[in-house]
Structures are given as structure tokens and as C-alpha cells.
Amino acid sequence: MNKFLFPVYAVILGVIIAKVSKQKKTWNTKLLLAFSGAFLLALTLFDLLPEVYEQLATKTTGLLIMCGILLQIILEFFSKGAEHGHIHLNEKGNRFPWLLFISLCIHSLLEGFPIHQHNDMVYGVLVHKIPIATLLAMYLFQSPFTRIQIVLFLLVFTAMTPLGTLLSNEIPGMSNYVNHINAVVIGIFFHISTTILFEAGEGHKFNLSKLVAIVLGVAIAYIF
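Residues numbered from 1 in each chain as written. Predicted model: local features only at pLDDT ≥ 70, side-chain atom pairs only at ≥ 80, totals over all residues. Heavy atoms only, no water.

Thoughts on the packing of aromatic side chains
Two descriptors summarise a pair of aromatic rings, namely the distance from one centre to the other and the angle between the planes of the rings.
Part 1: Under the defined criterion, the tally for this structure stands at eight aromatic pairs.
Part 2: Measuring from centroid to centroid gives 5.9 Å for Phe6 and Tyr9, while their planes differ by 50°, and the two rings are tilted. Taken together, the residues Phe6 and Tyr9, both in helix α1 (residues 2-20) and three residues apart, mark about one turn of the helix.
Part 3: Residue class for Tyr9 comes out partly exposed when judged on its relative accessible area of 40%.
Part 4: Both rings, one in Phe77 and one in Phe78, keep their centres 5.2 Å apart while their planes meet at 85°; by these two values the pair is edge-to-face.
Part 5: Overall, the relative accessible area of 56% leaves Phe77 in the exposed class.
Part 6: A relative accessible area of 32% means that Phe78 is categorised as partly exposed.
Part 7: Connected via pairs of aromatic rings, a cluster forms that spans Phe6, Tyr9 and Tyr123.
Part 8: When the ring centre of Phe141 is taken as origin, the NZ or CZ atom of Lys19, which lies over that ring, is 4.6 Å away.
Part 9: Just above the ring of Phe157 sits the side chain of Lys129; from NZ or CZ to the centre is 4.3 Å. (Phe/Tyr/Trp six-rings, centres within 6.5 Å; stacked < 30°, edge-to-face > 60°. Helix = DSSP H or I, 4+ residues; strand = E, 2+ residues; numbered from the N terminus. Buried < 20%, exposed > 50% of the residue type's maximum accessible area, 1.4 Å probe, protein only. Lys NZ or Arg CZ within 6 Å of the ring centre and 35° of its normal.)

Things to note about the packing of helix α3 (residues 58-79) against helix α7 (residues 178-198)
Part 1: The interhelical angle for the contact between α3 and α7, taken along N-to-C directions, is 55°, at an axis separation of 7 Å. Judged by the angle between their axes, α3 and α7 are oblique. Seen from above, α3 lies across α7 with right-handed handedness. On α7, the residues touching Thr61, Leu64, Ile65, Gly68, Ile69, Leu71, Gln72, Ile73 and Glu76 of α3 are His180, Ala183, Val184, Ile186, Gly187, Ile188, Phe190, His191 and Ile192.
Part 2: The residue makeup of the contact of α3 with α7, split by class, is eleven nonpolar, six polar and one charged. (Axes fitted to C-alpha atoms, helices over the stretch in contact; angles between N-to-C directions. Parallel < 35°, antiparallel > 145°, perpendicular 65-115°, else oblique. Left-handed = near helix turned anticlockwise from the far one by under 90°. Contact = heavy atoms within 4.5 Å. Nonpolar A, V, L, I, M, F, W, Y, C, P; charged D, E, K, R; others polar.)

Considering the environment of Ala219
Part 1: Its place among the elements puts Ala219 in helix α8 (residues 208-223).
Part 2: Judged by its relative accessible area of 36%, Ala219 falls in the partly exposed class.
Part 3: Along the sequence, Ala219 and Ala42 sit 177 residues apart, while their C-alpha atoms lie 8.5 Å from each other.

Considering the nonpolar core
Note on soluble globular proteins: their nonpolar side chains tend to be buried together.
Part 1: Within the largest apolar cluster, 49 residues are counted, with the highest numbers of intra-cluster contacts made by Ile65 and Ile186.
Part 2: Mapped by element, the contributors of at least two residues to this core are α1, α2 (27-55), α3, α5 (119-142), α7 and α8.
Part 3: Considering each element in turn, this core owes the most residues, 13 residues, to α2.
Part 4: With sequence-adjacent residues up to four places away left out, Ile186 is seen in contact with Thr44, Leu48, Leu49, Val52 and Ile65.
Part 5: Listed in part, the 17 residues of the second largest apolar core include Val11, Ala133, Leu136 and Phe157. (Core = buried A, V, L, I, M, F, W, Y, C linked by side-chain atoms within 4.5 Å.)

Structural measurements only, silent on function.
Below, the structure written as C-alpha cells:
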């Protein structure tokens, strides 16, 4: 049951953090992003990637991973990088951000697929979603959207990852394609995590706090 609920807990925690921090971005959010990027990348390398390469032909796996990277680039063209902590939208606009909504939902749906086979991956998704949900909630709370729109946005966003896990378990014949989908998800995870890790900080400095967060993320993922 935790494989369905942990992603939900992550969004709830992110909303709470956004409320407590009074919608102000802090250095803690940046460090959490760095930790989450390192943790997700390490879990993907240690757990998900080796099994996919065992199940599929090497060239096929590489092609699907590249497709995942390209898919994430396309999604970020519409979401403006919200999947790795950047929300560059016009807060004064009254139009509902459908492109952001759809892009985040597709991303969240796909990241739910590898969880059914790899229980450890649920922790990677959990840690990844907390800072993203925090920053997303900060944006929504400051936006001119109605409370109903904000609640519906967060509810659907929250449901997407468990839905992906459910689909991978319940659709007849899906087991024949799970490794193919997982390879695409690996590409998505690679792109997001490396973007987070290699982004320059303020003044283009890679500070000690971020380095420690990254090392901790990799070390904890290795222990898992």
C-alpha cells in the first residue's frame, strides 16, 4: 500500500512546507532539490537501470532512454522546467496554466510505472516530489486562481503517480511492456536529476552545502 500512498504523502508534505514557509523560496528548498536529484539519480543507476538492461537488448534500452530524455525536454518546453523546480509563469495572468498542468500530469503518471517492481524507487519518487510539490504549491497560493482550481490542480497532480503504478499492475498484458516504459522513465529521471545537480547556484557557485546534500543523497540511495 505504501507504494501508492508515499507519492501522496510527498505532495501533502510539500503543501504543508509551502504554507509554513509563507510561500517564500529559501535555501532549504534548493538543498532539498539537490538532495532529491542525487537520490533519484543514484537509485536509478543502482536499481532500475541494471534490471532494464538485463531484460532488454542493449541498443533498444539505449534508444528508449534517449526517447525518455527527449520526451522530458518536450514536456519542459510546456512546463518551463517545473519538474525540476522552476516555475516561470506570469503570476498576474488569470488564465489557468493548462500546459503546465498537462505536462506535470504526464510526467507524474510515467514516474509511477517503475514503482510496482522496484519498491526502492518509491522513495526516490517520494523525495523528488516533495520539493516540486512545495514550489508548485507556493506558485498556486500566490496565483489569482480560485481555491477550487488550486485544490483540483493539486488533487489531480497527486493522483497521477499512484495511477501510473496502478496501471502498470492492473492492465492485462502490461507486464510485456513495463521494461520498455521503465527505460523511457530512466531517461526522464536522468534528465531531471542531472539538470538539478549541474545547475549553477547564485553567482554560478557550486557551494559546500549543495555538495554535502548531493553526497548524502547518493550515500543513502546506496544503503537502500
